[in-house]
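This is what each chain is made of:
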Amino acid sequence: MSATRPAWARELLVSVAAVVLALVVGAVLIVVSNAEVLSTWSYFFSYPPDALSASWSAVSDAYGALFSGAFGGLRQLAETLVQATPLICGGLGVSLAFRAGLFNIGAQGQLIVGALCAAWVGFTLHLPPGVHVLVALLAGVLGGALWGGIVGVLKARTGAHEVILTIMLNYVALYLLQWLLTTNAFQRPGRNDPISPVVDGSAQFPAIPGSRLHLGFLVALLAAGAVWWLLTRSTTGFQLRAVGANPDAARTAGMSVGTAYTLAMLGAGALAGLAGVQQVLDTNSPLTDGIAGTVGFDSITVALLGRASPVGTVVAGLVFGALNAGGLQMQLQTQTPLTLTTVLQATIVLFIAAPALVRAVFRIRGEGAGAVLAKGWNA
């Protein structure tokens, strides 16, 4: 492939190639985990067609079920979009911090705090429809922003490393959630287990009848558009990217590096908090200690695959949403373990982190994804 391709095209090629290689690895795992298919390989040199046919059948059936479960109809497509919605928001939070030269490993904690704030407003306050969902949404965004802002301020004032801070605050947020769910303010009346009341219907995102797809997906797309505008059309975004590219040069040019760090983490926390809002204001989801699932950590993967760009993050979120939505169908139809989707996600990250290998396999020339990683996602 020509080395004259623009940088964004090479990065896109590497991302797509990483997904393809991950699917190849997944295909191998499907074959070796299927006893019947594996038995045909014992006499491969005597009669190769049996092994090849059985392997192709197992892989095509599994991936066909995966695709059908994600895109096989309006209901399946709606579920893919639902699964992708919090991943897009969380991925945008991680991406925004990346562009400022910060590694936000704390999306999980910021998501939890955002969910806490949104859920409390949702089941405690009783406001008119429209107003209620807006207040709950703002509460979740502000809660996440506060949690991320703590990291930004400490980074700016003391030079503390954001990776350590965000990891530790993940634990603080989780244990705070677990404790609050034992208090009268958050525990559902008449229940002894850690579960909150369901938020009022007036605080829930309106959903399409007959599906779980709700207005939150549109909110996620608007958030992506806002991040794109911030990074590419605003003075603040330029300063964030300049600080991320070279903080010393930005400081010499008169920019406040500390302010940029604080703003970046405030924005990253707000976006991750929005992911928490999506988790509790969707369709009757109560607040539990598992409300975040692995969304916060998966958001890091989404940001990696999306090359820390708003558009790329949306696409990556949709890819991972499809894997999550189609994985159950794949397991039901072909008895392929659901954990295969997790393996696919992890393998994608592995290849994203090894761009030289991907470029070598597909002969993608020129500076590619590795350069973006090396430069702190600011190429």
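Just so you know, these numbers come straight off a predicted model, no measurement behind them. (Residues numbered from 1 in each chain as written. Predicted model: local features only at pLDDT ≥ 70, side-chain atom pairs only at ≥ 80, totals over all residues. Heavy atoms only, no water.)

(A) Examining the packing of helix H4 (residues 74–99) against helix H8 (residues 216–233) more closely. The interhelical angle for the contact between H4 and H8, taken along N-to-C directions, is 20 degrees, at an axis separation of 9 Å. With respect to H8, the axis of H4 lies roughly parallel. H4 and H8 meet at a crossing whose hand is left-handed. Residues Leu81, Thr85, Ile88, Cys89, Leu92, Leu96 and Arg99 of H4 lie in contact with H8, whose contacting residues are Gly216, Phe217, Ala220, Ala223, Ala224, Val227, Leu230 and Leu231. (Axes fitted to C-alpha atoms, helices over the stretch in contact; angles between N-to-C directions. Helix = DSSP H or I, 4+ residues; strand = E, 2+ residues; numbered from the N terminus. Parallel < 35°, antiparallel > 145°, perpendicular 65-115°, else oblique. Left-handed = near helix turned anticlockwise from the far one by under 90°. Contact = heavy atoms within 4.5 Å.)

(B) Expanded view of the side chain of lysine 155. Residue placement: lysine 155 occurs in helix H6 (residues 131–158). For lysine 155, a relative accessible area of 18% puts it in the buried group. A polar atom in the side chain of lysine 155 sits 3.0 Å from the side chain of glutamate 162. If sequence neighbours within four positions are ignored, lysine 155 has contacts with Leu102, Ala160, Glu162, Leu165 and Tyr261. (Buried < 20%, exposed > 50% of the residue type's maximum accessible area, 1.4 Å probe, protein only. Polar contact = N/O pair within 3.5 Å; in protein donor to acceptor, adjacent residues only side chain to side chain.)

(C) A look at the nonpolar core. Core analysis: the biggest nonpolar cluster contains 88 residues, and Val280, Leu281 and Leu287 have the highest contact counts within it. Formed by 14 residues, the second largest nonpolar core is a distinct cluster that contains Val31, Val59, Ala62 and Leu344. (Core = buried A, V, L, I, M, F, W, Y, C linked by side-chain atoms within 4.5 Å.)

(D) Spatial organisation of helix H14 (residues 339–352). Between the first and last C-alpha of H14 there are 20 Å, a value that for 14 residues agrees with the 20 Å anticipated at 1.5 Å per step. Within H14, burial applies to Leu340, Thr341, Leu344, Gln345, Thr347, Ile348, Phe351 and Ile352. An end-on view of H14 places all buried positions within 165 degrees of arc, on one side of the element. The exposed residues of H14 that point more than 90 degrees off its buried face are Thr339 and Leu350. (Expected span 1.5 Å × (residues − 1). Arc of directions from axis to C-beta.)

(E) Spatial organisation of the packing of aromatic side chains. One pass over the full model with this rule turns up 6 aromatic pairs. Ring plane angle 70 degrees and centroid distance 5.1 Å describe the contact between phenylalanine 98 and phenylalanine 103, whose orientation is recorded as edge-to-face. For phenylalanine 98, a relative accessible area of 3% gives the class buried. Ring centres 5.9 Å apart and planes at 85 degrees place the aromatic pair phenylalanine 123 and phenylalanine 186 in the edge-to-face group. Taken together, the positions of phenylalanine 123 in helix H5 (residues 107–124) and phenylalanine 186 in the loop between helix H7 (162–180) and H8 put the pair 63 residues apart, joining distant regions of the chain. This pair shows no difference in class: phenylalanine 123 is buried, exactly as phenylalanine 186 is. The structure contains a cluster of three or more aromatic residues connected by ring pairs, namely Trp41, Phe44 and Phe45. One cation-aromatic arrangement involves lysine 155 over tyrosine 261; the distance from NZ or CZ to the ring centre is 5.5 Å. (Phe/Tyr/Trp six-rings, centres within 6.5 Å; stacked < 30°, edge-to-face > 60°. Lys NZ or Arg CZ within 6 Å of the ring centre and 35° of its normal.)

(F) Structural context of the environment of serine 95. Its place among the elements puts serine 95 in helix H4. Between the C-alpha atoms of serine 95 and serine 309, which are 214 residues apart in sequence, the distance is 6.6 Å. When residues no more than four places from it in sequence are discounted, the contact partners of serine 95 are Ala303, Ala308, Ser309 and Thr313. A distance of 3.1 Å separates polar atoms of two side chains, one belonging to serine 95 and the other to threonine 313.

(G) Region of the structure containing the environment of serine 202. Examined against the element boundaries, serine 202 turns out to sit in the loop between H7 and H8. Along the sequence, serine 202 and arginine 307 sit 105 residues apart, while their C-alpha atoms lie 37 Å from each other. Setting aside chain neighbours within four positions, we find serine 202 in contact with Leu127, Pro128, Pro129, Gly130, His132 and Val133.

(H) Here's a closer look at the state of the cysteines. For the structure on display, the rule yields 0 disulfides. Between cysteine 117, a free cysteine, and cysteine 89, which holds the nearest cysteine sulfur, the sulfur-to-sulfur gap is 16 Å. Since its relative accessible area comes to 27%, cysteine 117 is described here as partly exposed. (Disulfide = S-S within 2.5 Å.)

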